[in-house]
Amino acid sequence: MTDHGERDAAHTPVTTEAVPLFGEDFGGDPHALYERLRREWGPVAPVLLVPGLPAWLILGYYEVVGVCRASRLFSRDTRLWADLRDGHAPPGTAVPAGLLYRPGLAFAEGDEHTRLRRCLTDALERLDPASTMRHTQEIAEELIDAFSPEGRGDLVGQYARLLPPYVLARLLGVPENGIGRFVAAVTHEEAAPHPGSPGSGDALGRELAALVQARREEPTEDLTSWLVGHPAALPDEAVTSVLHTVLRRGDGPTADLLSGALRRLVHGREPGSAEAARGLDVEDAIDEVLWTDPPVQNGAARVPTHDALLGRAEIVAGDLMLMGIAAANADPVLGRGTTGPGVSGRSGRRAHLAWGAGPYRCPAQRLARQIASVGAGVLLSRLTGLRLEVPPERLERRASPLAPGLDALPVLFEPAPANAARRAAPVVEPAFAEPDPEPEFVNPFRQSWWHHS
Ligand code: HEM
C-alpha cells in the first residue's frame, strides 16, 4: 500500500482477484458464491460490481454492523469513490443509479442527515396503521381484480411491483386523478438502472415538486403535508429530496419483500414442497425473506475515508465497499445456516441486517412490513388453487448486483370474477407493532475488527 488513498497497481487484489457479482455464478446461487468468498477471503472479499468496477463485499455480520455504525470512517457520500471521482472507470461503464450521488437525504451525513431524517421519522410516526391497512387492502383488491378472471398472472409485474408505489402515492397525498401518472413516473425511474438509459428522466422529480407545492398551498393529512409543515421548516427542495429517497429506497425493496414472501407462500401450498413441510404463514415467510433473501442484498454502499485493514483486506480510502447483507445474515458466527426450518432456531428472530444498521438504518420498517403482510394476506385470501407455473428453480431474478429480486412470478389459479370474495375486515395484522431493534450483538473478541493503516 502506498500513501493515503493511492494503491500500488501490482498489489491490487481488488482488481486482479475480484469475483463478478454478475454472470452465472452470482445469478445461479449467490449464497454459494458468498460462502466460497468467505472461505477464501474471510469477512471481506474483492468483487466486481459490473465489468471494470471493483468493490469490497463485506460478508461478516459484525463487520457490516461495525462499518455501518462507524459513519465517520465509512462515508456514504459516493462522491468520495475514487474510481468515479478520478475517472478510472472504463468509458461507458454502467454504474447502478442508486450509487450515484444526488443532493438530499439519500447521501446526506452529519447534522444535515440528522435533520432530514428526523423530519421523515416524525412524519412516518403520524401515519395511522389502520388507515394504511385500508389503503393497502383496497389497492390490493383492485390490482387482483385486473387479473383474477384470467386464472393466471405474474405476481411480480401485475401485483408486487405495483402495490407499493400505489400505496406510497396515497400516503404521500397524491391527488386521485394524478396517481396513475405518478406511479408511472416511479416505476419508469425504477426500471432505468443507469442514468441515460431508456426510461430515465426527471418525470418523478417534476411530479414531486408539483406535489410539494400543492401541499404547501393546501395542506391535508398526508406525509407530504406533514413534511412541509414540520417545525424544522424545510425548503421545498429538501422536502422533495426526502420524498425522492422515500420512493427510491422504499418502492423496490418493498416489492421484493412481497414477491419473495409470495414465492414461498405459493410454493408452500403445493403438497410435498419444503415450504409446506415448514407450514409457513405470512409472517414466517416475510421473516424468511428478511433473513435469507433480503431485498437490499448488497445495496448499502460505503466509501472509507481512511485506509483500513478489515479482515485480510487492505482497503484504501476511496474504495467502494458494499454491505453484503444476505451474506452477513448467513455468517456462521451466528450459528445458523442459510436454510432451515422457517425462522425457528435462528439466534434472535429480529437480529437480521435486512434493514441495515447504524444511523442510516431503514426508518420505514413498520410501513414496509405492513404493506408486504397485507399484500400477501389479501392475495392468498382472494385466489384459490394457487400454484407456480414453472418450477421454483426456473424463476428468474433481475440482473442486479445490489438488489437481485424476482423478475417474474408466474402463477396459475382458479379464475375468479373481479370484485369476488371481498373482505370487509383486515386480513392480517403486522407481526410486530414496533420496528425491529438495532442489532445488539457485541462480541468481546471482535472489538478490534478494523485498523487504520
Ligand atoms: C415503504 C417502504 C420503505 C421506505 C419508505 C424506506 C425508506 C428508507 C429510507 C428513507 C432510507 C434512508 C435512511 C437514511 O438515510 O437515514 C432507507 C434505508 C434503508 N432501507 Fe428502507 N425503506 C422502505 C423499505 C425497505 C425495505 C422493504 C427494505 C429491506 C427489507 C429496506 C432496507 C433498507 C436498508 C438496508 C437501508 C439502509 C441503507 C444504508 O445503510 O445505506 N427498506 N429506507
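Presented here is an overview of the structure given in this document.

Reading the values: rules and limits
- Residues numbered from 1 in each chain as written.
- Predicted model: local features only at pLDDT ≥ 70, side-chain atom pairs only at ≥ 80, totals over all residues.
- Helix = DSSP H or I, 4+ residues; strand = E, 2+ residues; numbered from the N terminus.
- Buried ≥ 20, exposed ≤ 12 C-beta atoms within 10 Å, placed from the backbone.
- Contact = placed C-beta atoms within 7 Å.
- Near = placed C-beta within 6 Å.
- Nonpolar A, V, L, I, M, F, W, Y, C, P; charged D, E, K, R; others polar.
- Pairing = 2+ DSSP bridges.
- Axes fitted to C-alpha atoms, helices over the stretch in contact; angles between N-to-C directions.
- Parallel < 35°, antiparallel > 145°, perpendicular 65-115°, else oblique.
- Left-handed = near helix turned anticlockwise from the far one by under 90°.
- Core = buried A, V, L, I, M, F, W, Y, C linked by C-beta atoms within 7 Å.

**Some thoughts on the overall build of the protein chain**
Point 1. Each helix and strand counted, the protein chain has 17 helices and 12 strands in total.
Point 2. In the protein chain, buried positions account for 48% of the 453 residues.
Point 3. Counting only contacts in the protein chain whose residues sit at least 6 apart along the sequence, the fraction spanning at least 24 positions is 75%.

**Quick notes on the site of the ligand**
Point 1. Contacts to the ligand come from 26 residues, most closely from G250, P253, G356, C362 and A364.
Point 2. Looking at the shell around the ligand, the elements with two or more residues in it are α13 (236-267) and α17 (365-382).
Point 3. Along the lines of polarity and charge, the residues of the shell around the ligand split into 18 nonpolar, 4 polar and 4 charged.

**A closer look at the sheet that holds strand β11 (residues 410-412)**
Point 1. A sheet is described by the order of its strands in space; here 3 strands give the open sequence β5-β11-β10, paired in antiparallel fashion. Edge positions in the open sheet fall to β5 (152-154) and β10 (387-388), since each of these has one partner strand only.
Point 2. Pairing between β5 and β11: 3 bridges, direction antiparallel. Within the sheet, the bridge partner assigned to R152 lies in β11 and is L412.

**Some details on the pairing of strand β3 (residues 53-58)**
Point 1. A large share of β3 lies buried, amounting to 6 of its 6 residues.
Point 2. The two faces of β3 match: L53, A55 and L57 on one face and P54, W56 and I58 on the other face are all buried.
Point 3. Relative to β3, strand β2 (residues 44-50) runs antiparallel, the two sharing 6 bridges. Pairing of V50 across the sheet is with L53, part of β3.
Point 4. Strand direction decides the pairing type here: β3 and strand β9 (residues 321-323), joined by 3 bridges, are parallel. When the sheet's bridge partners are listed, L57 is paired in β9 with L322.

**Some words on the pairing of strand β6 (residues 300-304)**
Each regular strand carries side chains that alternate between the two faces of the sheet.
Point 1. The buried fraction of β6 is high, at 5 of 5 residues.
Point 2. Along β6, one buried face is formed by A300, R302 and P304 and the opposite face, lined by A301 and V303, is buried too.
Point 3. Taken together, the 2 bridges between strand β4 (residues 74-75) and β6 define a ladder with antiparallel strand orientation. Considered in β6, the bridge of S75 is made with V303.
Point 4. Relative to β9, β6 runs antiparallel, the two being bridged by 3 bridges. Considered in β9, the bridge of R302 is made with M321.

**Here we look at unusual backbone geometry**
Point 1. Look at A233: it is not a glycine, yet its phi comes out positive at around 50°.
Point 2. Inspection of the secondary structure assignment puts A233 in the loop between α12 (223-228) and α13.

**Focus: the packing of helix α7 (residues 129-147) against α17**
Point 1. α17 packs onto α7 with a crossing angle of 40° between their chain directions and a minimal axis gap of 9 Å. Accordingly, the angle class assigned to the pair α7 and α17 is oblique. Between α7 and α17 lies a crossing whose hand is right-handed. On the side of α7, the interface is formed by P129, T132, M133, T136, Q137, A140, E141 and I144, while α17 contributes L367, Q370, I371, V374, G375, V378, L379 and R382.

**Looking at the packing of helix α15 (residues 282-292) against α17**
Point 1. Their axes nearest at 10 Å, the elements α15 and α17 cross at an angle of 130°. Judged by the inter-axis angle, α15 sits oblique to α17. Judged by the sense of rotation from one axis to the other, the crossing of α15 with α17 is right-handed. When α15 is examined against α17, the residues V282, E283, A285 and I286 are found in contact with a partner set consisting of R369, A372, S373, A376 and G377.
Point 2. The residue inventory of the contact of α15 with α17, partitioned by class, reads 5 nonpolar, 2 polar and 2 charged.

**Describing the nonpolar core**
Point 1. Residues I58, V64, L163, V242, A261, L262 and M321 are the most contacted members of the largest nonpolar core, which totals 127 residues.
Point 2. With 13 residues, the single largest contributor to this core is α13.
Point 3. Discounting chain neighbours no more than four positions away, the residues touching V242 are G104, L105, L116, C119, L120 and L227.

**Digging into the environment of V95**
Point 1. Inspection of the secondary structure puts V95 in the loop between α5 (82-85) and α6 (110-125).
Point 2. Each C-alpha atom, one on V95 and one on L84, is 9.1 Å from the other, the two residues being 11 residues apart in sequence.

**Things to note about the sheet that holds β9**
Point 1. Strand order in the open sheet made by the 6 strands is β1-β2-β3-β9-β6-β4, with mixed pairing throughout. Strands at the two margins of the open sheet, each flanked by one partner only, are β1 (19-20) and β4.
Point 2. Contacts between helix α3 (residues 30-41) and the sheet are confined to β1, β2 and β3, with β2 contributing the most and set at about 135° to the helix.
Point 3. Packed on one face of the sheet, helix α4 (residues 61-69) meets β2, β3, β4, β6 and β9 and runs near 115° to β9.

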